[in-house]
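Survey of secondary and tertiary structure
In case you want the letters, here they are:
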Amino acid sequence: MSAKSKVSTNTRLQLHRAAPAFFQSRGLTAANIQSDEACQIPWLASYVADEFAVMVYELLQAKHKKFSQRAFVVTLFDYTDEIKQRLDMLDLPEGAERLVEEKSTSFVFADSASSLDELPSIIDRIGGLEASGEIYHTTATRLKKQQNSSTLISLLRVLVLASLSFVLAALLVHGVMTQSIITVSGNMLEPIYLEEQPFYYSMTMAFMALAFVVFVAHLVQSCKWKEKVIQRAYFRYVAATIIAFLATPYLLGADVDNPLSVKTHRLITAANKALLENSIAKSGTVVVTPIPLISPGLTELLKNNKFEELNNELDKYHSLAALDIQNEHLLFQAYLSFANSDDKVIYAINKWLLSEPSNPRAQLAEAFFFYGKGWSVRGTKNSAETPLENMLEMQRLMARSYETVTKLRKIEKYELAASILAINILQVRSGKKEAKQIFTQVIEKYPSSYLIRSHYMGSLTPRWGGSYLTMRAVIEGAAANLASNPQLALLEGEILEEAGKIAALADNYFQASEFYKGALRFGDNPYVLHELAKSEYRLKNYGQALVYFNQALALNANSHTSYYWRSKTHLKLKRLREAEQDQKTALAIRPYEKYYQGHYKSVKNAIAKKEYRQYYGFNAAGKPASTSHSISSKGYTAYQHALEMIEDGRFDSAVVKLIEAINADPHTIEYYITLDMVLGQTRQWPTIISYWQKFLTLYPDNARAHREISGTYYHNKENSKSLYHLKKAAELGDELALQRLKRIKGSD
C-alpha cells in the first residue's frame, strides 16, 4: 500500500463539491473520500483564472486491499458559458473519458503520459494561454518526480524477476542435463543426485519449475511496454533484462555454471561409495589372459618385408579371438604394435600395401599407424599448451585413419578390431553420436566383448564429455554376459580407475593409489596396475612401485610405458643393469620416442659413472669401498671432508681438500687416486699428471701409479708417454696393465 495522501481533507471535499458525479461514478461519497482507506490523492495542481478554475490530480482507489485503480484527472469548474461551449467541442484521444456535470467538466486519463500530453491542448483551446504554461509546468514537475520514483521501482522489479527467472531456468536445465540439483551444505555447494535421492530430486525440480512459471508470468506482466509511465521505459526494461542475464552465472556460482565439476564429483562420490562396499570381490577372482611380448617381433617382420609371415601371425590372432572372445586382447595388441610414428614402419606398410593393395591386414595396420602418429604429433601437453598446427595435424591423421576403419568395419573378420579403433578415434574427434552407434551395432554381434565396452567407457568419462551415469549403463548392460566372459567384471573397476586418474591429475597420488587398489578388487587389470605403480613411484615408494610394475608387465609384456617407468624405478633403486634392460625393451617397441632415448642415455651415463667410480675404489654413492690409509695420517681429516663433499656433489671444494690432504701427507696413494677421479670428470689432465709425477718421484716402482698416469697421458693425447708407463706398470706386475697391453698388441 502506498504512502498516505499529501492532499488535505478540505481539498478533497472541495474536489467532491466541484465534480460530485465523477466521484460518485467511482463509488466515492463525501464521507469516504476523506478516508485514506478508500482512496488516495498523492498530488494535486490547481490554477484560478478570470473565466475558469482548473485542478489536475492523481486518484488512487483501493481494490482487494490494494491501490490498483489509478486515474489522472483534469477538472474544470467555475467557468463561463463561452468556456463551456469550447469544452464541449474538444476532441479527446482514444481511452480518455469526459464527465460533464452541472458546474464542472472532468477529463479522465488512464496514464500520466496522456494527461500530460493533452493538458496544454485543453487549456489552450479554452483560451487560457497564460494558465496553460503555469499549470503544465506545475503538473509536469509533480508528474516527473513521481514517474522517476515509479520507474526506479519498476526497473528494480524487472531486474529481480528477470534474474530469478534466468537463475531458475539455468538450474532447471542443469538439473535435467546432469540429473542432479545443487544444494547448500554449510558454506559449500553440494549436488544431490537423482539415483541417490529420487524423491527429493523430483520434488525440488517440480518446485523450481512452478516458481519459474510464476516469476516469468510476473515478469511479462511487469513488461507491458505500452503501459509504462514514459516512452523511454522500454529501453530501460530491456537493459535491466540484459543485466539480469549477464549476472546469472555469478548468481549461480562456478559449480553450477560448469557441469564438468558436478559430473566429476558424481563419479568420485560413486567411487568412494564403492571403496566402502563390503561386497566387492577379492583380488584375483578374474583371470586375465596374459599377453606375451609380440610387438617387436611383428614390427621386425614388417620392416624385413616378410609380409607372408606377418599375414600368418595376424591371422593366428584373428583365429584365437574368434575361438574365444577373451583372446580379443591379443588381437588388439597385435595391431597396436603398428600404432607408432616410426618412419620405417610406415615405409614398410606402404611396401606391404603396394604388394597387396587389397589386404585388409595391411590396411588396418596403416589405420593404427596414423592413429598412433596422430597422438605422437599432438604430444602429452594439455590442449591449451599444444600448438594449433599440431592439433590440426592430429585431426587430419585421425580422419585418415577413421576413413580406413569405416571400410574395414564392413568385413566381419576385422570388424571388432576396427570398431575399437574407430571409437578411440571418435573420442578425439568428439563424435559421441557416431561412437554410440558403432558400440550399439558391434555389441549386438559381440555381446561378450570386454574391450569394446572398456574403450567405449573411456570415451564416456567426464573428462571426455560423458558422465558416471552413462558409464554405469554400460556396466549394467554387461551383467548378462558375465558367464561367457568373466573379464567383464573388470568394468566395475573402471569407475574407480577413472577416479584415480582424476585424483592423479590433481597431484593427489595417495588418493589415486587408494582408488586404483579399489579397482583391483574386481580383478587384475594391467593398465590399473601400471597407473597404481606410477602413483607409488610419485609417492617415492619405489619398492612397492616395482612390485606393481612387475605385475602389470606380467599381464601385458608389450606395454612400452610400463618398461619405461619400471626402468625409472630401477634407476631410483640403483639397479642400473635392470634399468638398462627395461629401457632397451621400451625402445625395441617404440624406438622413435625421444624421451625414451633420453632416459636410455641417462641410464648409460649412470652405469658409466658407477663403473668409473668403482675403478677408483668408490661405490655409486661416492663412498670409498675400502681404505688402506691410516687414521693417523696427517691428511686424514682433510680427506674425510673431501669424501663428504664428493658425496654431496661439491667437487670443486673436494679438490681443494684433496690437495690439502696430499700436501699434509704425500705418501698416501688413495689421496692421488681420489683426486684423479674428481679432476678426470672435468678433464683436467695436465693437473692430474703433475700430481702423479709428484707421487712417482717418491715411489718410482708403484705399479698402480704408472697405470694411472698412463691413462691420463692417453686422454691428453700423449700416446708415447702413455705406452711407456703402461709397459712399466706391466713389468711391475699390474694385471690390468698386462690386459691392456695384450689388447693393444692384438689390435696391431
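Here, every reference points to the structure presented above.
A quick note: this is a predicted structure, and the numbers were derived from the prediction, not measured. (Residues numbered from 1 in each chain as written. Predicted model: local features only at pLDDT ≥ 70, side-chain atom pairs only at ≥ 80, totals over all residues. Heavy atoms only, no water.)

Moving on, we come to the overall build of the protein chain. When you go through the protein chain residue by residue, the secondary structure sums to 33 helices and eight strands. Sequence separation of at least 24 residues holds for 61% of the intrachain contacts in the protein chain that already meet a minimum separation of 6. As displayed, the protein chain offers around 38200 Å² of accessible surface, 55% of which is attributable to carbon and sulfur atoms. (Helix = DSSP H or I, 4+ residues; strand = E, 2+ residues; numbered from the N terminus. Contact = heavy atoms within 4.5 Å. Areas by Shrake-Rupley, 256 points an atom, 1.4 Å probe, with all protein chains shown as cover.)

The next subject is the pattern of salt bridges. Under the defined criterion, the tally for this structure stands at 26 salt bridges. As a salt-bridge pair, E97 and R26 come within 3.5 Å of each other at their nearest N and O atoms. Here R26 lies in the loop between α2 (20-25) and β1 (39-40) and E97 lies in strand β5 (residues 97-100), a separation of 71 residues in the sequence. On the basis of relative accessibility, which here comes to 23%, the residue R26 falls in the partly exposed class. With its nearest N and O atoms 2.8 Å apart, the salt bridge here joins D315 to K413. Pair noted here: D315 is in helix α11 (residues 307-323) and K413 is in helix α16 (residues 412-428), with a separation of 98 residues, a long-range link. Residue K413 is classed as partly exposed on the basis of its relative accessible area, which comes to 39%. Beyond isolated ion pairs, a larger network of salt bridges with shared partners links R577, E580, K584 and K604. (Salt bridge = Lys/Arg side-chain N within 4 Å of Asp/Glu carboxyl O. Buried < 20%, exposed > 50% of the residue type's maximum accessible area, 1.4 Å probe, protein only.)

This brings us to unusual backbone geometry. Located in the positive-phi region is K574, a residue other than glycine, with phi close to 65°. The topology assignment puts K574 in the loop between α24 (560-572) and α25 (576-589). Judged by relative accessible area, which is 61%, K574 ranks as exposed. Phi at K717 is positive, roughly 60°, even though this residue is not glycine. Looking at where K717 falls in the secondary structure, it is placed in the loop between α31 (703-715) and α32 (719-731).

All right, on to helix α10 (residues 295-303) then. The periodicity of an α-helix, 3.6 residues per turn, causes residues three or four places apart in sequence to face the same way. Buried within α10 we find S295, P296, L298, T299, L301 and L302. Turning to α10, the residues buried within the fold contact α11, α12 (328-336), α13 (343-355) and α25.

Structurally, H329 is set in helix α12. When the C-alpha atoms of H329 and N556 are compared, they prove to be 9.4 Å apart, with 227 residues separating the residues in sequence. H329 has contacts with I291, Y450, L451 and Q487, leaving out every residue within four places of it along the chain.

To continue, consider the packing of aromatic side chains. Aromatic ring pairs are reported here in terms of the distance separating the ring centres and the angle at which the planes meet. Taken as a whole and assessed by the stated rule, the structure comprises 20 aromatic pairs. Considering the side-chain rings of F338 and W352, the 6.5 Å spacing of their centres and the 55° angle between planes classify their relative orientation as tilted. Taken together, the positions of F338 in the loop between α12 and α13 and W352 in helix α13 put the pair 14 residues apart, joining distant regions of the chain. With relative accessibility at 0%, the residue F338 sits in the buried group. Summarising the aromatic geometry, the rings of F695 and Y699 are spaced 5.0 Å apart at their centres and angled 35° between planes, so their arrangement reads as tilted. Classification of F695 as buried rests on a relative accessible area of 2%. Take Y699: its relative accessible area is 32%, and that puts it in the partly exposed class. Taken together, F307, F332, Y335, F338, W352 and F368 form an aromatic cluster joined through their ring pairs. The ring centre of W565 lies 4.3 Å from the NZ or CZ of K568, which sits over that ring. (Phe/Tyr/Trp six-rings, centres within 6.5 Å; stacked < 30°, edge-to-face > 60°. Lys NZ or Arg CZ within 6 Å of the ring centre and 35° of its normal.)

Attention now moves to the side chain of D665. Structurally, D665 can be placed in the loop between α28 (651-664) and α29 (669-680). Within the buried core, D665 has no salt-bridge partner, and the shortest N-O distance to an opposite charge, that of K634, equals 8.1 Å. A distance of 2.8 Å separates polar atoms of two side chains, one belonging to D665 and the other to T668. Beyond its immediate stretch of four places on either side in the chain, D665 contacts S633, K634, G635 and Y671. (Lys, Arg positive; Asp, Glu negative; His and termini not counted. Polar contact = N/O pair within 3.5 Å; in protein donor to acceptor, adjacent residues only side chain to side chain.)

Between helix α14 (residues 360-378) and helix α15 (residues 388-408), the shortest axis-to-axis distance is 8 Å and the interhelical angle comes to 160°. When the interaxial angle is binned, α14 and α15 end up roughly antiparallel. Read as a crossing pair, α14 and α15 show a hand that is left-handed. For the pair α14 and α15, the contacting residues are P360, Q363, L364, E366, A367, F370, Y371, K373, G374, W375, V377 and R378 in the first and N390, M391, E393, M394, L397, M398, R400, S401, T404, V405 and L408 in the second. Residue composition of the contact of α14 with α15, grouped by class: 13 nonpolar, five polar and five charged. (Axes fitted to C-alpha atoms, helices over the stretch in contact; angles between N-to-C directions. Parallel < 35°, antiparallel > 145°, perpendicular 65-115°, else oblique. Left-handed = near helix turned anticlockwise from the far one by under 90°. Nonpolar A, V, L, I, M, F, W, Y, C, P; charged D, E, K, R; others polar.)

The next subject is the nonpolar core. Counting 109 residues, the largest nonpolar core has L302, L364 and V405 as the members making the most contacts within it. The dominant element in this core, judged by the number of residues it contributes, is α16, at 11 residues. In this structure V405 touches L364, A367, A418, L421, A422 and I425, once residues within four positions along its chain are discounted. With 29 residues, the next largest nonpolar core counts I646, V655, Y691 and A705 among its residues. (Core = buried A, V, L, I, M, F, W, Y, C linked by side-chain atoms within 4.5 Å.)

Turning to the packing of α13 against α14, a few remarks are in order. α14 packs onto α13 with a crossing angle of 155° between their chain directions and a minimal axis gap of 10 Å. Classified by the angle their axes make, α13 and α14 are roughly antiparallel. Considering the relative orientation of α13 and α14, their crossing is left-handed. In this structure, α13 uses D343, V345, I346, I349, N350, W352 and L353 to contact α14, whose residues at the interface are R361, A362, Q363, A365, E366, F369, F370 and K373. Its residues placed into classes, the contact of α13 with α14 shows nine nonpolar, two polar and four charged.

A few words now on helix α30 (residues 685-698). Taking 1.5 Å per residue, 14 residues should reach 20 Å; α30 reaches 20 Å between its end C-alpha atoms and fits that length. Within the sequence span of α30, burial applies to W685, I688, I689, Y691, W692, F695 and L696. The buried side chains of α30 occupy one side of the element, clustering within an arc of 170° when seen end-on. Relative to its buried face, α30 has exposed residues pointing more than 90 degrees away, namely P686 and T697. (Expected span 1.5 Å × (residues − 1). Arc of directions from axis to C-beta.)

Another point: the environment of P292. Tracing the backbone through its elements, the reader meets P292 in the loop between α9 (259-276) and α10. Judged by its relative accessible area of 46%, P292 falls in the partly exposed class. Not counting residues within four places of it along the chain, the set of residues in contact with P292 comprises L330, A557 and N558.

Here we come to the pairing of strand β6 (residues 104-109). Looking along a regular strand, one sees side chains alternate from face to face of the sheet. Counted residue by residue, β6 has six buried out of six residues, so it is predominantly covered. Because side chains alternate across β6, one face comprises the buried residues S104, S106 and V108, and the other comprises T105, F107 and F109, equally buried. With four bridges joining them, β5 and β6 adopt antiparallel strand pairing. Paired with L99 across the two strands is S106, which belongs to β6. (Pairing = 2+ DSSP bridges.)

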